[in-house]
Amino acid sequence: MTGHDTAEVVIVGGGLEGCAAAWALAERGTTDVVIVERSTVGSGGTGKSSGVVRCHYGVASLAAMATRALEVFENARDVLGEDVGFHQTGYVVGVGEQNAGALAASMADQRAVGVRTEDIDASEVAKLWPSADLEPFAAFAWEERGGYGDAYQTAQAFAGAARRAGVRLRQGTTVTDLITRSGAVTGVRLADGSEIHTGTVVLTAGPWSVPLLAKHGITLPITVHREQIVLIDPGEALGPVPVFSDLVSLQYVRPESGGEILFGNSDLAELEPADPDRYSNQATPSFLDLAVEKVGTRFPGLEDAAIASTYAGCYDVTPDFNPAISETDIEGLIVAAGFSGHGFKIAPSVGRLVADLVLDGTSSDPDIPASDFRLSRFAEGDLLRSPHPYVGAGEMR
Ligand SMILES: Cc1cc2nc3c(=O)[nH]c(=O)nc-3n(C[C@H](O)[C@H](O)[C@H](O)COP(=O)(O)OP(=O)(O)OC[C@H]3O[C@@H](n4cnc5c(N)ncnc54)[C@H](O)[C@@H]3O)c2cc1C
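Quantities reported herein were computed from a predicted structural model and do not represent experimental measurements.

### With respect to the overall build of the protein
Inference 1: A count of helices and strands for the protein gives ten helices and 21 strands.
Inference 2: On C-alpha atoms alone, the protein measures out to a radius of gyration of 21 Å, which is about the 21 Å that the 2.2 N^0.38 rule sets for 397 residues.
Inference 3: Along the three orthogonal principal directions, the C-alpha set of the protein runs to about 65 × 40 × 40 Å.
Inference 4: Put simply, the protein has 397 residues, and 57% of those count as buried.
Inference 5: Looking at the protein alone, contacts between residues at least 24 apart form 77% of all its contacts between residues at least 6 apart.
Inference 6: Summed over its atoms, the accessible surface of the protein is roughly 15,400 Å², and 48% of this surface lies on carbon and sulfur atoms.
Inference 7: Distance between charge centres in the protein, computed from 28 positive and 53 negative side chains, equals 6 Å.

Below, the structure is given as structure tokens:
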């Protein structure tokens with residue numbers, strides 16, 4: 001096909017963030033939108049997500065994004081017209097003595113933007129996770145509304161809602177270049193040589209956004225890292241356990257629908273560089289040892305636990321582990337990429353911020369300043385960091 005197409009907005013990349021942006025634009029009445037996806041919806045990092053949903057962020061704007069997003073997950077049938085696979089199991093985070101002050105300060109900031117988070121003591125956590133050794137923890141936070149979702153299903157639901165409103169979806173279609181004239185974007189070029197003409201391009205191509213911007217002199221500082229996930233057969237029925245983020249031994253676990261425990265390592269001090277198009281989809285023997293050690297230490301009560309299966313995905317990591325959701329030096333070109341392993345729980349709010357940037361040039365939510373996520377912060381060295389950092393657990397933004 002060499003005929004040209006036109007649209008008011010072209011979204012490059014049909015992952016969670018691109019589909020959320022399309023839905024949010026449609027929500028605001030902008031439906032002359034086309035999502036261009038080189039493969040299928042959710043086939044990138046989205047399909048590998050652990051889907052943990054929490055509002056526990058040290059950065060207040062992210063906590064605000066997560067709590068607004070929660071309302072969409074909780075009311076998905078009404079808002080998106082279909083179920084998104086959200087399991088509201090609750091979420092508990094535990095820290096050691098050295099981080100108890102930061103936890104309390106962070107919770108106060110979260111409450112100020114509307115997050116419902118409570119102090120909870122070890123005896124209450126013991127009721128939630130009877131097999132856990134809670135001795136090393138000094139403090140916990142509990143979010144009754146937390147849990148985990150299904151990122152793939154959620155992306156499909158955003159795409160479905162957007163399409164019902166009139167948004168077009170072109171799967172199996174690769175964008176090879178952005179077209180610009182006099183410093184403004186005028187379209188995208190596709191692999192078959194055809195073009196889509198537009199005044200607005202939203203680039204949500206995850207780590208693949210980097211080369212598309214580099215061609216036009218824009219640096220998006222993203223590195224790609226492999227993240228391994230281990231599914232564990234607990235050897236017994238777990239019951240209704242919540243997601244548990246353990247900031248002492250740096251791991252997170254959550255129940256999986258088949259009765260397994262999903263284990264992720266939250267020690268991001270040493271990252272494994274990866275190629276997002278060519279990476280091993282299984283855990284290494286040394287990672288399995290780490291999983292056994294961490295889960296065994298924290299959950300000594302699970303005596304018959306055994307490894308069930310493993311897989312891996314890629315994080316698109318920025319210098320402050322936070323995304324760029326931002327205008328760029330090219331007029332009409334907006335980027336939303338670099339979610340650094342936490343783009344699921346905030347996706348509905350990311351979509352709305354993108355829609356705000358497209359339609360108003362700024363955020364409509366005072367708790368979510370667009371400036372926090374500006375691309376230029378990396379070059380300025382003004383990184384988006386928690387004012388209450390956790391010692392030894394920098395992954396908690
Ligand atoms: C192992 C793992 C665990 C995670 N766990 C959590 C969690 O517990 N909680 C949480 O909040 N987040 C989590 N995340 C992060 C979250 O899943 C991601 O941040 C989010 O899914 C990223 O969505 P995206 O749309 O930015 O990127 P992607 O899903 O990667 O989408 C980008 C899309 O762009 C397409 N594309 C690329 N190049 C082109 C092109 N040239 N033309 C057209 N299309 C193109 C790709 O095919 C792809 O579909 C996890 C991620 C991983 C990998």
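### Focus on the site of the ligand
Inference 1: Around the ligand there are 35 residues in total, and Glu37, Thr46, Val52, Val175 and Lys345 lie nearest to it.
Inference 2: Measuring from an oxygen atom of the ligand, one finds a side-chain N or O atom of Ser49 at 2.9 Å.
Inference 3: His342 places a polar main-chain atom, nitrogen or oxygen, 3.4 Å from an oxygen atom of the ligand.
Inference 4: Look at the ligand: alone it shows 1,000 Å² of surface, and the protein chains cover 97% of it.
Inference 5: If you tally residues by element for the shell around the ligand, the top one is strand β19 (residues 306–317), at three residues.
Inference 6: For the shell around the ligand, a count of residues per class yields 13 nonpolar, 17 polar and five charged.
Inference 7: Taken together, domain 1 (5–48 + 152–221 + 320–380) and domain 2 (89–143 + 223–317) each give at least three residues to the shell around the ligand, which thus spans both.

### Some thoughts on the sheet that holds strand β12 (residues 195–197)
Inference 1: Taken in spatial order, the four strands make up an open sheet running β1-β12-β11-β10, and their pairing is mixed. Strand pairing shows two members of the sheet lacking a second neighbour, β1 (5–6) and β10 (175–181), which therefore form its edges.
Inference 2: The pairing of strand β11 (residues 184–190) with β12 spans three bridges and is classified as antiparallel. Paired with Gly187 across the bridge in β12 is His197.

### Re the nonpolar core
Inference 1: One finds Ile11, Met65 and Ile325 to be the most contacted residues of the largest nonpolar core, which totals 60 residues.
Inference 2: Sorting the residues of this core by element identifies β2 (9–12), α1 (16–27), β3 (33–36), α2 (60–74), α6 (151–164), β21 (333–337) and α9 (347–360) as the ones contributing at least two each.
Inference 3: Once residues within four sequence positions are removed from consideration, Ile325 is found in contact with Met65, Val335, Ala336, Phe339, Val350, Leu353, Val354, Leu357, Ala370 and Phe373.
Inference 4: Membership of the second largest hydrophobic core comes to 26 residues, among which are Val34, Ile196, Leu203 and Leu375.

### Brief notes about the packing of aromatic side chains
Inference 1: Applying the stated criterion across every chain, the model contains eight aromatic pairs.
Inference 2: Taking 5.0 Å as the distance between ring centres and 40 degrees as the angle between the ring planes, the aromatic pair formed by Trp23 and Phe158 counts as tilted. With Trp23 in helix α1 and Phe158 in helix α6, the pair connects residues that are 135 residues apart, well separated along the chain.
Inference 3: Given the relative accessible area of 4%, Trp23 is considered buried.

### Digging into the UniProt feature "domain: FAD dependent oxidoreductase" (unreviewed entry) in the protein
Inference 1: UniProt tags residues 9–357 as "domain: FAD dependent oxidoreductase" (unreviewed entry).
Inference 2: Annotated as residues 9–357, this span is 28% helix and 28% strand, and its ends, taken at the C-alpha atoms, are 12 Å apart.

### A word on the packing of α1 against α6
Inference 1: One way to put it is that α1 packs onto α6 with a least axis distance of 8 Å and a crossing angle of 30 degrees. The orientation of α1 relative to α6 falls into the category roughly parallel. Remark: the crossing between α1 and α6 carries left-handed chirality. On the side of α1, the interface is formed by Leu16, Cys19, Ala20, Ala22 and Trp23, while α6 contributes Ala151, Thr154, Ala155, Phe158, Ala159, Ala161 and Ala162.

### A look at the pairing of strand β7 (residues 139–143)
Inference 1: Burial runs high along β7: five of the five residues are buried.
Inference 2: The alternating pattern of β7 places Ala139, Ala141 and Glu143 and Phe140 and Trp142 on opposite faces, both of which are buried.
Inference 3: With three bridges connecting them, strand β6 (residues 118–120) and β7 associate as antiparallel partners. Each residue of the ladder has a partner; that of Asp119, found in β7, is Ala141.

### Section: the packing of α1 against α9
Inference 1: It is at 7 Å that the axes of α1 and α9 come closest, and there the two elements cross at 55 degrees. Taken together, the axis directions place α1 and α9 in an arrangement best described as oblique. The two elements α1 and α9 cross, and the hand of that crossing is right-handed. Counted together, Leu16, Glu17, Ala20, Ala21, Trp23, Ala24, Leu25 and Glu27 of α1 and Ala347, Pro348, Val350, Gly351, Arg352, Val354, Ala355, Val358 and Leu359 of α9 form the full contact between these two elements.
Inference 2: The residue inventory of the contact of α1 with α9, partitioned by class, reads 13 nonpolar, one polar and three charged.

### A short note on α9
Inference 1: Taking 1.5 Å as the rise per residue, α9 with 14 residues should run 20 Å; its terminal C-alpha atoms sit 19 Å apart, in good agreement.
Inference 2: The buried fraction of α9 is high, at eleven of 14 residues.
Inference 3: Taken residue by residue, α9 has Ala347, Pro348, Ser349, Val350, Gly351, Leu353, Val354, Ala355, Asp356, Leu357 and Val358 as its buried positions.
Inference 4: At the C-terminal side of α9, Gly361 shows a positive phi close to 80 degrees.

### Considerations on the pairing of β2
Inference 1: Here β2 shows a buried face lined by Val9 and Ile11 and a second buried face lined by Val10 and Val12.
Inference 2: In this sheet, β3 lies alongside β2 in parallel orientation, the contact comprising four bridges. Paired with Ile11 across the bridge in β3 is Ile35.
Inference 3: Crossover connection from β2 via α1 to parallel β3: handedness right-handed.
Inference 4: Note that β2 and strand β13 (residues 200–203) share four bridges and pair parallel. Bridged to Val10 within β13 is Val201.

Thresholds, definitions, all that
Residues numbered from 1 in each chain as written. Predicted model: local features only at pLDDT ≥ 70, side-chain atom pairs only at ≥ 80, totals over all residues. Heavy atoms only, no water. Helix = DSSP H or I, 4+ residues; strand = E, 2+ residues; numbered from the N terminus. Rg over C-alpha atoms; globule rule 2.2 N^0.38 Å. Buried < 20%, exposed > 50% of the residue type's maximum accessible area, 1.4 Å probe, protein only. Contact = heavy atoms within 4.5 Å. Areas by Shrake-Rupley, 256 points an atom, 1.4 Å probe, with all protein chains shown as cover. Lys, Arg positive; Asp, Glu negative; His and termini not counted. Charge placed at Lys NZ, Arg CZ, Asp CG, Glu CD. Near = heavy atom within 4 Å. Polar contact = N/O pair within 3.5 Å; in protein donor to acceptor, adjacent residues only side chain to side chain. Nonpolar A, V, L, I, M, F, W, Y, C, P; charged D, E, K, R; others polar. Domains from an automatic or database assignment. Pairing = 2+ DSSP bridges. Core = buried A, V, L, I, M, F, W, Y, C linked by side-chain atoms within 4.5 Å. Phe/Tyr/Trp six-rings, centres within 6.5 Å; stacked < 30°, edge-to-face > 60°. UniProt positions renumbered as here; feature names shortened; annotations may be inferred. Axes fitted to C-alpha atoms, helices over the stretch in contact; angles between N-to-C directions. Parallel < 35°, antiparallel > 145°, perpendicular 65-115°, else oblique. Left-handed = near helix turned anticlockwise from the far one by under 90°. Expected span 1.5 Å × (residues − 1). Right-handed = clockwise from strand over helix to strand, strands pointing away.

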